[in-house]
Every structure is written in C-alpha cells, then in structure tokens.
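Residues per chain, in single letters:
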Number of protein chains: 2
Amino acid sequence: MTRVEIDKNIFKLLEGDTRALSRLITQLDDKEKLPYIIQKVYPRRTDSHVIGITGAPGAGKSTISDKLIKLYRKEGKKVAVIAVDPTSPFSHGAILGDRIRLQNHSTDEKVFIRSMASRGHLGGLAPQTNDTITLMSAAGYDIIFLETVGVGQSEVEIIKFADTVCLLLTPSSGDSVQVMKAGIMEIGDVFVINKSDRPGSDKIEAEIELLWQLNDNKKDFKPQIIKTIANKNKGMNKVKLALAEHFQYMKDSGQLVEKRKQRIENEIMNIVHNSLLEKINARYFDEEVIAKIVDKIYNNNTDPFTIAEKIIERISQ
Amino acid sequence: MTRVEIDKNIFKLLEGDTRALSRLITQLDDKEKLPYIIQKVYPRRTDSHVIGITGAPGAGKSTISDKLIKLYRKEGKKVAVIAVDPTSPFSHGAILGDRIRLQNHSTDEKVFIRSMASRGHLGGLAPQTNDTITLMSAAGYDIIFLETVGVGQSEVEIIKFADTVCLLLTPSSGDSVQVMKAGIMEIGDVFVINKSDRPGSDKIEAEIELLWQLNDNKKDFKPQIIKTIANKNKGMNKVKLALAEHFQYMKDSGQLVEKRKQRIENEIMNIVHNSLLEKINARYFDEEVIAKIVDKIYNNNTDPFTIAEKIIERISQ
C-alpha cells in the first residue's frame, strides 16, 4: 500500500468504513508503515470501552461475546472484537478456535471481528494488539472486546490493554480456578460464572468471595460475581450492566486516565526496545560467527556469559 | 554470599551436595553473582536427560513425576525436578500447585525438587530455568524433570529447555487438546494419556494418531502414545522406556547436539538483550521525563512512535 492509499484508507477509517479498518490492520504487520499509520490515527482515538474477556478454553468466551454483542447492537452501539488465539512458538499458524458463533454477526456492518495470534517476538506479546485497538478506537467503536484464553502469561499480558476485565469461570473448570487463584483478584473486574446450571457454581462463587476477603491489596471497587447460562441468554444483561458500572467507576476515580497513561509508557518502551534489539541482532549476530562461538561453548572452551560480556562490550563502544 | 563462599559451594555442588545446589540456585537471582557462578560451573555439565512434563492443570503431572522418580531411584539414578508454576504479572508470588505428592521424596538425598515461577521480565521467560538446569547437570543429576503447565506461551518457551518432552493428556481435557492441536505434534516427543480408565481415552489416542498423519513436518521419530493410570502406577514403566528411547534417538541422530547448540545461541542472545535493555532503561527512561512525555501523548499532542523515534535517535548517537 502506498502512502496515498494509506491516507485514503485512514480517511475512510475515520468515517467508520470496516474494509478500510481491515486493510489498515493488515498493514500494521509492515514495520515501515506501522509508525506512519499510528502517527496519523493516534490523536483521533475515541472513548471506546476496551473489555477483556478471558477464561479457560471451553468457558464460553465466544458465546458470551456473541450475546453481549446482540445487547449492545440493540442500543445502537458499534462493537469490535479482537479474538486472540494462543500461538505455540513451535507451530507457525495461529490456532483458530471455535469462532463460528461470532460469525453470526458477519453481515452486520456495525460489528467488526478480527482474529489475531498471540505470537511473541522479542518480548513483545501480540504487538499489534495495542495498535489494532488504536485503529478501532479511531474508527469509533463504542465497545472493543479483547477475547483471550486466560491461562498463559502472553494472554494475561494482552489483557493489560483492557479497561475492564471480565473473567469467566465454569463449575467444571475447578482446576483452572486453583491455578489462577493467586492472580485472579488482581485480574478480574467482573466475574462471570457461566454454565451456572451445572453443579458446583455456588462453590465457585463462595471461593471467589473468599479470595476477595483474603486478598491483601483489595481495590476499592468490589468486583461483581454474576451467574450466567450464556447459551440460554441468562444473566447477560447483568453482565452488560456490571461492565458499564466498572467503566464508570474507572472514569470517576481517575484510574482510567492512570491506566491509559501507563499503557502509553509501556508502548513507548516496547517500540524502543524492539527497534534496538532488531538493530543489534542484525549488526552483531552474524550467523557464521555465532555458529563458531556456539561450537566453542558446546565444547566447554568458554561459556555464554563470557561471550555475552564480550558482545556487550563491543556494542557499548 | 562472598566469592569465597560461592567457590566453596560450587566445590560441594560438584560433589553432589544438595544444600550447596539449593543455595547456588538462590544466588542466581543476584545479577552480580549469576555470571560468576555460571562461568565456573558451565564446563562441568554432565550428560543429564532433561525431560519436560507438560499438560493442562489436573492432567496428573505431579503424580507422573512422582511415579517416574520412584522408578529411576530403583535404578540408582539421581533425579532433580524443576516445577514451574505459571505466574501472573498481576500477582507477585508464584502459585504453588499441588506439589504435595512430590514431597514424598523430601527425605531422599538423591531427589532434589525446586519450585520456580515462570515470571517473565523483558522477554526473558523464567530466566533462571536454564541456569538452574546447568547447576543441576553439574551436580550430576541423571534425570532433570521440567514440570510446567503447558497452556501458555511462557510455559511452552520453558519446555524448549527439555531434551524430551512428555505431553500429558486426559480424557476429560478435550478442550485443551483442541486448543493445542496445531502445536501438539511439534511439542510432544512422548504422548501420555493419563487417567485412561475414564471414557474417551481411545478417542484421544485416535486424535493424536490422526494429527500425526496430518502433520506436514513429520519428524522422522514417531512419538509413542502411552495410556497410563498414574495414581494406580499403571503404564509408568512404558513411559520411562519411551523417554529413554527418545533420548537415545536424539543422541544417535545428532539432534541432541543441534538442540543444545541452539539453546546456547538463545542463551547468549538473551543475556545480551537483557543486559542492554537494562542499561537503556536506566539511562533513557527517567521517571519525570517520561511522565511529561506521556502527558503530551495522552493529550494527543504527539504519539508513541514519534517519541520512540526520538529516543532511538538519541541512543544511537
């Protein structure tokens, strides 16, 4: 895409054109164009509510997104979804989960859905997530869903981009609750116990309540716990209200500003770090030279730290 | 710990003293001492078999480790375990899973168990994992287990340190299989279907078999699929043999050397990257200056890319 074409697409994006949005998101992969696009779009962000939806596989994230989208659409709100799939560094493609439910909305111009891989490179986890949110915000979406499988750290990192995090649990996912225990209170702003017609949902509710009581760093906002049966459309309005209540609290308390400023700081650092590491790799990690060094280390004639120190010295000169 | 004390502990470590090992692992957190320790210990690594054990929460990782440890101990082998717990960046402590079973071995001097958090900093995932393996190898452990919850990317990254990866599935964890599908063949060298007395274990076996058939980049080693009931001690000897068979294959095919060299290369890059980023953060990210810049960006007077470019220019001068 030429700069003129990018400009044209940005113009359309600001008018809410979904195809322009889609094209520009694709362009974010191009490191030459990324800064140009973001520089132009950044000041045009709107007051989007970025809602993270996370939980173990099978918790019902897609179903809940689907039902919430319907409720927001009834109010005339525009909704965008970023569905982040966990990527294994061993496999190249992203794993496309059961996104089928979300395709219900594929004919609705006011609903935009994008799948994305949580591929990490050089410490940057899903680097396009943040930039995609920027584009969506500039395109005027009222609600931006960020849907991730909330088990690994990459996914948890991504959730940081959300203003409000909706954490999904199910009575059958007892194991996951245990694993997430220590972090669960810091992550979740709204707790949803989905498939709550299954036995054990009261137990989970009691556990979350107990975790809240035991938590030392209590926020002054107590997260709501809502029981839902998403595929029967039960409890979804309550979830919608709880999400809005948290957003309002974030605004009133000044925490939204703080959170967004922190995000800007992280963004600057990420850009600087990634750019520098790329330069360093290109300049100092010549394949042949490295292969020789690795051989020496493998044969115990030196060690990684001694070699690293030498490289750092050379770079610092 | 002074350098003299470190030297004394390294001496004891090389004789197999577990307390010295424990103390030195703790010292790895100290950035000043880390290079000194590793430089001394690195050439003394032995031919340890590093076995990754991964699977969803509740798949039975601890139980399987426990039973395998017993089998190895019967052969007189020394066993070390690194139990990696997922850490959420939101919570400070590591989540200690059900490590209780492993405590069966706490009185056995030839079994060493260490819990560790998969905390990521600057793209370095559990940076001590690799160095801990180096210490354990120098201490003469025949088997080093690396036990992780295999869902997130951090955990998958850690598994890269293993020579052989044993991937655990259970008939009830159908969801997880689906999520891991695309990557599962690249990750697993031995597949264990635990709790195989539950319904559905044949189905999982067929699924793995199918994934193997469909996989485009087939390795020339076909992973074994073993059904176990670990808490009833069923199938454990088969698992042990399969792990050994894979290790032998890795040696004979030359892939072990390749894998270890790749690991050395990654290690050098990680050390260089982390060290440089720390220097840069200390020098260019003054808190007050950054706060002012962030304010400007927040108020749409500039954007993260423009600022990042300026910082990179300053650093590159």
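What counts and how
Residues numbered from 1 in each chain as written. Chains lettered and ligands numbered in written order. Predicted model: local features only at pLDDT ≥ 70, side-chain atom pairs only at ≥ 80, totals over all residues. Heavy atoms only, no water. Helix = DSSP H or I, 4+ residues; strand = E, 2+ residues; numbered from the N terminus. Patch = residues over 30% accessible without salt bridge, like charges linked within 9 Å, V, L, I, M, F, W, Y side chains within 5 Å. Areas by Shrake-Rupley, 256 points an atom, 1.4 Å probe, with all protein chains shown as cover. Salt bridge = Lys/Arg side-chain N within 4 Å of Asp/Glu carboxyl O. Lys, Arg positive; Asp, Glu negative; His and termini not counted. Charge placed at Lys NZ, Arg CZ, Asp CG, Glu CD. Buried < 20%, exposed > 50% of the residue type's maximum accessible area, 1.4 Å probe, protein only. pLDDT = per-residue confidence, 0-100. Contact = heavy atoms within 4.5 Å. Expected span 1.5 Å × (residues − 1). Arc of directions from axis to C-beta. Phe/Tyr/Trp six-rings, centres within 6.5 Å; stacked < 30°, edge-to-face > 60°. Lys NZ or Arg CZ within 6 Å of the ring centre and 35° of its normal. Axes fitted to C-alpha atoms, helices over the stretch in contact; angles between N-to-C directions. Parallel < 35°, antiparallel > 145°, perpendicular 65-115°, else oblique. Left-handed = near helix turned anticlockwise from the far one by under 90°. Nonpolar A, V, L, I, M, F, W, Y, C, P; charged D, E, K, R; others polar. Pairing = 2+ DSSP bridges.

## Thoughts on unusual backbone geometry
Residue and element names in this part refer to chain B.
So, step 1. Within the chain, Asn 233 stands out as a residue other than glycine whose phi angle is a positive 65 degrees.
So, step 2. Its location among the elements puts Asn 233 in the loop between strand 9 (224–227) and helix 9 (236–252).
So, step 3. In this structure, Asn 300 is a non-glycine residue whose phi angle is positive, near 65 degrees.

## Brief notes about a positive patch on the surface
All names here are of chain A.
So, step 1. Among the surface-exposed residues, Lys 8, Lys 12, Arg 19 and Arg 23 lie close enough to one another that they form a single positively charged patch.
So, step 2. Secondary-structure elements contributing two or more residues to the positive patch are helix 1 (3–14) and helix 2 (18–27).
So, step 3. Following the sequence through the fold, Lys 12 ends up in helix 1.
So, step 4. Residue classification places Lys 12 among the partly exposed positions, given a relative accessible area of 31%.

## Observations concerning the pattern of salt bridges
So, step 1. As enumerated under the stated definition, the model contains 31 salt bridges over all chains in all.
So, step 2. Across the pair Lys232(A) and Asp197(A) runs a salt bridge whose closest N-O atoms are separated by 3.8 Å. You can see Lys232(A) sitting in the loop between strand 9 (224–227) and helix 9 (236–252) and its partner Asp197(A) sitting in the loop between strand 8 (190–193) and helix 8 (201–214), a full 35 residues away along the chain.
So, step 3. Taking the shortest distance from any N to any O, the salt bridge between Lys222(B) and Glu209(B) comes out at 2.7 Å.

## Comments concerning the confidence of the model for chain A
Residues and elements named next belong to chain A.
So, step 1. Across chain A, pLDDT averages 83, with 81% of residues at or above 70.
So, step 2. Per-element averaging of pLDDT across chain A places strand 4 (residues 120–121) at the bottom with 42 and helix 9 at the top with 97.
So, step 3. Counting interchain partners and residues more than four positions distant, the pLDDT-below-50 stretch residues 88–100 has 33 contacts.
So, step 4. Scored below 50 in pLDDT, residues 174–179 makes ten contacts in the model with residues more than four places away or belonging to other chains.
So, step 5. For this predicted complex, the interface confidence score (ipTM) comes to 0.79, while the overall pTM stands at 0.73.

## Some remarks on helix 8 (residues 201–214) of chain B
All names here are of chain B.
So, step 1. Between its first and last C-alpha, helix 8 extends 20 Å over 14 residues, near the 20 Å set by a 1.5 Å rise per residue.
So, step 2. Those residues of helix 8 that sit buried are Ser 201, Ile 204, Ile 208, Leu 211 and Trp 212. On an axial view of helix 8, the arc spanned by its buried residues comes to 100 degrees, and they lie on one face. In helix 8, the exposed residues that point more than 90 degrees away from the buried face are Asp 202, Lys 203 and Leu 214.

## Things to note about the packing of aromatic side chains
So, step 1. This structure, assessed with the given rule, holds six aromatic pairs over all chains.
So, step 2. A centroid spacing of 6.1 Å and a plane angle of 55 degrees characterise the contact between Tyr72(A) and Phe145(A), whose relative ring orientation is tilted. Placement of Tyr72(A) in helix 4 (residues 61–74) and of Phe145(A) in strand 6 (residues 143–149) is noted, with a sequence separation of 73 residues between them. Each member of the pair, Tyr72(A) as well as Phe145(A), is classed as buried.
So, step 3. The ring of Tyr141(A) carries Lys78(A) above its face, with NZ or CZ at 4.4 Å from the centroid.
So, step 4. When the ring centre of Tyr298(A) is taken as reference, the NZ or CZ atom of Lys261(B) above it lies at 5.5 Å.

## Things to note about the packing of helix 12 (residues 304–316) of chain A against helix 10 (residues 255–284) of chain B
A pair of packed helices is captured by two measures, namely the crossing angle of their axes and the spacing between those axes.
So, step 1. At a minimum axis separation of 9 Å, helix 12 of chain A and helix 10 of chain B run at an interaxial angle of 45 degrees. Classified by the interaxial angle, the pair formed by helix 12 of chain A and helix 10 of chain B is oblique. Helix 12 of chain A and helix 10 of chain B meet at a crossing whose hand is right-handed. Across from Pro304(A), Phe305(A), Ile307(A), Ala308(A), Ile311(A), Ile312(A), Ile315(A) and Ser316(A) in helix 12 of chain A, the residues of helix 10 of chain B making contact are Glu267(B), Ile268(B), Ile271(B), Val272(B), Ser275(B), Leu276(B) and Lys279(B).
So, step 2. Here the contact of helix 12 of chain A with helix 10 of chain B is built from residues that sort into eleven nonpolar, two polar and two charged.

## Quick look at the pairing of strand 1 (residues 49–55) of chain A
Residue and element names in this part refer to chain A.
So, step 1. Within strand 1, seven of the seven residues are buried, which leaves it mostly tucked inside the rest of the structure.
So, step 2. Bridge analysis of strand 1 against strand 7 (residues 164–169) gives five bridges, and the strand direction is parallel. Across the sheet, residue Gly 55 finds its bridge partner in strand 7, namely Leu 168.

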